[in-house]
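Summary of structural features
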Amino acid sequence: MIPIARPDLGPEEAAAVVEVLSSGMIAQGRKVAELETRWAEFCGVRHAIAMSNGTVALMSIFAGLGLGPGDEVITVAHTFAATANAILFTGARPVFVDIEPDTYLIDAARIEAAITPRTRAIVPVHLFGLVADMDMIGAIADRYGLVVVEDACQAHGALYRGRRAGSFGHGAFSLYATKNMTTAEGGFVTTNDDRLADWLRLYRNQGMRTRYAFEILGFNFRMTDVAAAIGLIQLDKLERNTARRQAIAARYDEAFSDLPVGLPVTPDGRTHVFHQYTLEVGPERDTILAELREAGVGADVYYPVPVHRQAYIMERGLHADLPVTDRAAARTIALPIHPGLGSDEQATVIAAVRAAVGRHAASSRVDRTQPMARTSR
Ligand SMILES: Cc1ncc(COP(=O)(O)O)c(C=O)c1O
C-alpha cells in the first residue's frame, strides 16, 4: 500500500540524534533554543516557542490570552479535533462557522454573524497547507477587538501575500510525524507579543524562569533536544520538500483536469504547501475510497466526522448548522503526496484515481456553486 504519509527521515537526522545522545544533554537545551531562533526567522516573527506538541501549543496560547469560562472562540469544525479541544480545555466554548466549498477554509464572510459580546478570538485553521483569508479575518478582528490565533499545524512555510503562516496573529504549529516537518511529536508557538512569549516560556516550564522559583502556575510542555536536533535537519529540508509536494500536486492537477472532480484551489496571492492533496469526488466517495485502497493506494479522509458532529461536542450543546462542512466530510478524499513519493508511485495513484472516478463519479460532476465572498483573489 502506498502510504498517505511517510516522514522523510535519513542519515542526517540519525546522526543529529546520536550527537545529542552522546552529549549527555538530552532534555530542553541548546538545540531547542537554536530551533526556536531559526523557526522565528523562517516565519518572520519575533518569537518561536517550542512545545511538546501542536495541541498544547494552541491551548497554551489560549491560556496565555486568559481565555476561560464564558468566553467564545470562533473557529471551524472541518479540522482535527485538537483545534476545538484546545479551546475547550481552557473552559471557553468553540463557536463553529462554515467553510468555503472550494478551499475548505473558514468562510470569512460568515464570521461576523457569529460574533457575540462573549467572543474573544478567531481561530482560522490553515487546513491542508493553505492559509485562510487573512485580509478579511484581520479586518474583522480589528473591527471587533478580537485576537487572531492561527492553527497553522498543517501549514509550515505556507505564504499569504508574501507572509508566512503563523505571522499574522499568534500561530500554533504541529511537528507530528506526518507533518511537513517533524520532530516525531512537537510543536511551536509563533508570536510578536513579547509578554505572551515570556509567559509561554514560563508556562511550558512549570512556571520557572530560574530553578525552583515558580512564578506562575505552569505545566511541563517542553520539547527535548533530541527532538529539536531532528527538527533542525527537517527545517533544512523544508523548502526542498515543500517544492516536491507542490510538484506532485501539479502533476495530479494535470492528470485529473478532465475528470468530474473538484481539484484543490489556491487563491491568488497564496502558496499552498500541500500537507494534503484533497479531491472532491462526489457522493460515491466511500466506494471510490475502497477501490483506491484495493488498488494499493492509501487514500484517506480528512475528516470523515466533522468536529461539530462528535458526541462529546454535541453533549456540550455546541450545535451548528454547517452544510458545506458536512458536504466536504462526505465527498472528499486525500491522496498520498509526501516528498518521498516516487514517480512510479505517483503514476499508480493517478491510474487508480482515474479508474475509480471513471467508474463512479462520471455522472455526478462536482458543483461548487455555493455563495462565496472573496477579497483575496
Ligand atoms: C489542524 C490541526 N490542529 C491541531 C493539531 C494538533 O497537533 P498535535 O498532533 O501535534 O498535537 C493537528 C495535528 O495533529 C492538526 O492537524
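Scanning the protein from terminus to terminus reveals 12 helices and 12 strands. In terms of overall size, the protein behaves like a compact globule, its C-alpha atoms giving a radius of gyration of 21 Å where 377 residues would be expected to give roughly 21 Å. Taking the principal axes of its C-alpha atoms as reference, the protein extends roughly 65 × 55 × 40 Å. The buried share of the protein, taken over its 377 residues, is 51%.

Moving on to the nonpolar core. Within the largest apolar cluster, 118 residues are counted, with the highest numbers of intra-cluster contacts made by Ala50, Met51, Ala57, Phe62, Ala172, Phe188 and Leu335. A total of 12 residues in this core trace back to one element, the largest contributor, which is helix H8 (residues 225–256). Looking at which domains feed residues into this core, each of domain 1 (11–233) and domain 2 (239–360) supplies at least three.

Glancing now at the sheet that holds strand E3 (residues 93–97). An order of E1-E9-E8-E5-E4-E2-E3 is seen for the 7 strands of this open sheet, with the pairing classed as mixed. Single-partner strands in this sheet number two, and they are strand E1 (47–51) and E3. Going from strand to strand, the sheet's axes swing by 25° on average, the running direction of each strand aside. By the bridge criterion, 5 bridges tie strand E2 (residues 72–76) to E3 in an arrangement that is parallel. When the sheet's bridge partners are listed, Val73 is paired in E3 with Pro94.

This brings us to helix H9 (residues 285–294). Buried within H9 we find Arg285, Ile288, Leu289 and Leu292. Down the axis, H9 shows its buried residues gathered within 100° of arc, on one side only. Exposed side of H9, more than 90 degrees from the buried face: Ala290 and Glu294 are the residues found there. Where H9 ends, the next residue or the one after it, Gly296, has phi of about 85°, a positive value.

Moving on to the sheet that holds strand E6 (residues 159–160). Across the sheet, which stays open at both edges, the 3 strands sit in the order E7-E6-E10 with antiparallel pairing between neighbours. For this open sheet the edge positions go to strand E7 (163–164) and strand E10 (270–271), each flanked by a neighbour on one side alone. Sheet topology note: the E6/E7 ladder contains 2 bridges and is antiparallel. Of the residues in E7, the one forming a bridge with Leu159 is Arg164.

Attention shifts here to helix H7 (residues 194–203). Every buried residue belonging to H7 is among Leu196, Ala197, Trp199, Leu200 and Tyr203, and all of these are buried. What you see down the axis of H7 is that its buried residues fit within an arc of 165°, all on one side. Facing away from the buried side of H7, by more than 90 degrees, are the exposed residues Asp194 and Arg195. On the buried face of H7, the contacting elements are E1, helix H3 (54–64), strand E8 (170–174) and strand E9 (187–191).

Let us now look at the packing of H3 against H7. Two numbers describe a pair of packed helices, the interaxial angle and the distance between the axes. Look at H3 against H7: their axes get within 10 Å of each other, and the N-to-C directions meet at 120°. On the basis of their axis angle, the class for H3 and H7 is oblique. Here H3 and H7 pass one another in a crossing that is right-handed. Residues Ser60, Ala63 and Gly64 of H3 form the contact with H7, whose own contacting residues are Leu196, Trp199, Leu200 and Tyr203. Its residues assigned to classes, the contact of H3 with H7 shows 5 nonpolar, 2 polar and no charged.

Inspection of the region around the ligand gives 14 residues, with Asn53, Gly54, Thr55, Cys153 and Ser174 positioned closest. For the shell around the ligand, the per-class residue count stands at 5 nonpolar, 8 polar and 1 charged.

Relative orientation of the contacting elements H9 and helix H12 (residues 343–360) amounts to 145°, with a least axis distance of 9 Å. For the pair H9 and H12, the crossing hand works out as right-handed. Of H12, the residues touching H9 (which contributes Thr287, Ile288, Glu291 and Leu292) are Ala352, Val353, Ala356, Val357 and His360. In terms of residue class, the contact of H9 with H12 is made up of 6 nonpolar, 2 polar and 1 charged.

In this structure, Tyr303 follows Tyr302 across a cis peptide bond, with omega equal to 10°. Here Tyr303 is to be found in the loop between H9 and helix H10 (311–314). Positioned with a positive phi, Gln206 is a non-glycine residue whose angle comes to about 60°. Examined against the element boundaries, Gln206 turns out to sit in the loop between H7 and H8. The residue Tyr212 is not glycine, and still its phi comes out positive at about 65°.

Annotation of the protein at the domain level lists domain 1 (11–233) and domain 2 (239–360). The straight-line distance from the C-alpha centre of domain 1 to that of domain 2 is 25 Å. Residue-level contacts link 29 residues of domain 1 with 30 residues of domain 2. Mapped onto the side of domain 1 that touches domain 2, the elements with two or more residues apiece are E3 and E6. By residue number, the principal contributor to the side of domain 1 that touches domain 2 is E3, which donates 3 residues. Looking at the side of domain 1 that touches domain 2 residue by residue, the classes come out as 16 nonpolar, 8 polar and 5 charged.

Thresholds, definitions, all that
- Residues numbered from 1 in each chain as written.
- Predicted model: local features only at pLDDT ≥ 70, side-chain atom pairs only at ≥ 80, totals over all residues.
- Helix = DSSP H or I, 4+ residues; strand = E, 2+ residues; numbered from the N terminus.
- Rg over C-alpha atoms; globule rule 2.2 N^0.38 Å.
- Buried ≥ 20, exposed ≤ 12 C-beta atoms within 10 Å, placed from the backbone.
- Core = buried A, V, L, I, M, F, W, Y, C linked by C-beta atoms within 7 Å.
- Domains from an automatic or database assignment.
- Pairing = 2+ DSSP bridges.
- Axes fitted to C-alpha atoms, helices over the stretch in contact; angles between N-to-C directions.
- Arc of directions from axis to C-beta.
- Contact = placed C-beta atoms within 7 Å.
- Parallel < 35°, antiparallel > 145°, perpendicular 65-115°, else oblique.
- Left-handed = near helix turned anticlockwise from the far one by under 90°.
- Nonpolar A, V, L, I, M, F, W, Y, C, P; charged D, E, K, R; others polar.
- Near = placed C-beta within 6 Å.

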